[in-house]
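Residue strings, one per chain:
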Amino acid sequence: AALADQLGADVFAKVKGLIQDMIEKLVADAAAEASHKAFCDKEMSKTKAAKEDKEDEVDKLSTKIDKAEAKIAQLKEEVAELTKELAEIAEAQKQADKVRADEKAAYASAKADYEAGLEGVGLALQVLRDYYAEKPGDDESAAMLLQSRKHTKATGAATGIIGMLEVIESDFSRNLAEASAAEDQAQREYDQLSQDNKVATATKTTEVEYKEKDGKQTAVLLSGYNSDRNTAQTELDSILEYWEKLQPMCVAKPEPYE
């Protein structure tokens, strides 16, 4: 009986020991599981937040890069168009200068012709008027003079010639006035065109300088955005790599049916 009691006590003691060991193991496993879960919860949450934050940073930098590239391209197009317009204005001014010089030379020549014509007609009229004029003097001398010239003097013809020359003189005067008026108008139009071209050239040149400066500044910003995005992308790649390593450690996978 004493031996049986001793053997029974040993068996129960062994069972109790096994149960105690199992309890301690379960407690240890539970503690380890709790610690692992806490680690996973913390790392998954932190890594997810970091991933989303870095993805947002990369997206924002990509948007800035796209806008900067589009702005630079637009500025280049605008500068090219302004440069073309400046060349067209310069060519138009060059042509206007040539036309004005030709017109001025033509006017100077015509004016000289008209003035010479007026002078010639004026002299001819003066001679004729003097020749056909009746001059007061000694009656006898006048009578003799009139008698000697009677065969050549034709008052009607003289009046016609003088009238014709007066018409020519009037035409010269009118043509000279019209040519002078046309020259003045052409000069005013040329001056206005030149002033408009001067203002347009100054304005467009300033625009080109501003846009080129803006393009250079934007290019500097673009370089910075690209550098920042490369850095952010490298950091994001590291975060994604760590994120992938956490998946098998912390995300429970269902046991397959088989």
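Model, not experiment: these values are computed from the prediction. (Residues numbered from 1 in each chain as written. Predicted model: local features only at pLDDT ≥ 70, side-chain atom pairs only at ≥ 80, totals over all residues. Heavy atoms only, no water.)

A. The arrangement of the overall build of the chain in detail. Regarding its fold elements, the chain presents three helices and zero strands. Going from the N terminus to the C terminus, the chain shows its helices and strands as α-α-α. When the 258 residues of the chain are sorted by exposure, 18% land in the buried category. Across the chain, every contact between residues at least 6 apart in sequence was considered, and the portion connecting residues at least 24 apart equals 94%. (Helix = DSSP H or I, 4+ residues; strand = E, 2+ residues; numbered from the N terminus. Buried < 20%, exposed > 50% of the residue type's maximum accessible area, 1.4 Å probe, protein only. Contact = heavy atoms within 4.5 Å.)

B. View of the side chain of T218. The topology assignment puts T218 in helix α3 (residues 155-250). The residues contacting T218, other than those within four sequence positions of it, are A68, K71 and I72.

C. Structural view of the nonpolar core. Core analysis: the biggest nonpolar cluster contains five residues, these being V121, L125, L128, I162 and L165. Elements with a minimum of two residues in this core: α1 (2-132) and α3. If you tally residues by element for this core, the top one is α1, at three residues. Setting aside its immediate chain neighbours within four residues, V121 contacts L165, I168, E169 and F172. (Core = buried A, V, L, I, M, F, W, Y, C linked by side-chain atoms within 4.5 Å.)

D. Geometry of the packing of aromatic side chains. The tally for this structure, following the rule as stated, stands at one aromatic pair. In this structure, K51 packs its charged tip against the face of W243, placed 5.6 Å from the ring centre. (Phe/Tyr/Trp six-rings, centres within 6.5 Å; stacked < 30°, edge-to-face > 60°. Lys NZ or Arg CZ within 6 Å of the ring centre and 35° of its normal.)

E. Up close: a nonpolar patch on the surface. There is a patch of nonpolar side chains on the surface, built from V15, I19 and M22 and spanning about 250 Å² of accessible area. Tracing the backbone shows I19 in helix α1. Judged by relative accessible area, I19 falls into the partly exposed class, the value being 41%. (Patch = residues over 30% accessible without salt bridge, like charges linked within 9 Å, V, L, I, M, F, W, Y side chains within 5 Å. Areas by Shrake-Rupley, 256 points an atom, 1.4 Å probe, with all protein chains shown as cover. Salt bridge = Lys/Arg side-chain N within 4 Å of Asp/Glu carboxyl O.)

F. Representation of the state of the cysteines in the model. Taken as a whole and assessed by the stated rule, the structure comprises one disulfide. Between the sulfur of C40 and that of C250 lies a disulfide, 2.0 Å long from S to S. As the torsion about the S-S bond is roughly -75°, the C40-C250 disulfide counts as left-handed. Linking C40 in helix α1 with C250 in helix α3, this pair joins segments that are 210 residues apart in sequence. (Disulfide = S-S within 2.5 Å.)

G. Structural view of the environment of L61. The residue L61 is located in helix α1 in this model. Take L61: its relative accessible area is 9%, and that puts it in the buried class. Along the chain, L61 and A232 lie 171 residues apart, while their C-alpha atoms are 9.0 Å from each other. Setting aside residues no more than four positions away along its own chain, L61 makes contact with Y225, D228, R229 and A232.

H. Quick look at the confidence of the model for the chain. Summing up the model confidence of the chain, the mean pLDDT is 85 and the portion of residues at 70 or higher is 79%. The least confident element of the chain, judged by mean pLDDT, is helix α2 (residues 139-149) at 50; the most confident is α3 at 93. (pLDDT = per-residue confidence, 0-100.)

I. A look at the pattern of salt bridges. Tallied over the full model, the rule gives 15 salt bridges. Taking the shortest distance from any N to any O, the salt bridge between E57 and K54 comes out at 3.1 Å. A residue pair is termed a helical-turn pair when its members lie 3 or 4 positions apart in one helix, as E57 and K54 do in helix α1 at three residues. Overall, K54 belongs to the buried group, its relative accessible area being 12%. Notably, a salt bridge pairs E183 with R100, separated by 2.9 Å at the nearest N-O pair. Taken as a pair, E183 in helix α3 and R100 in helix α1 lie far apart in primary sequence, 83 residues in all. The class of E183 is buried, set by a relative accessible area of 10%.

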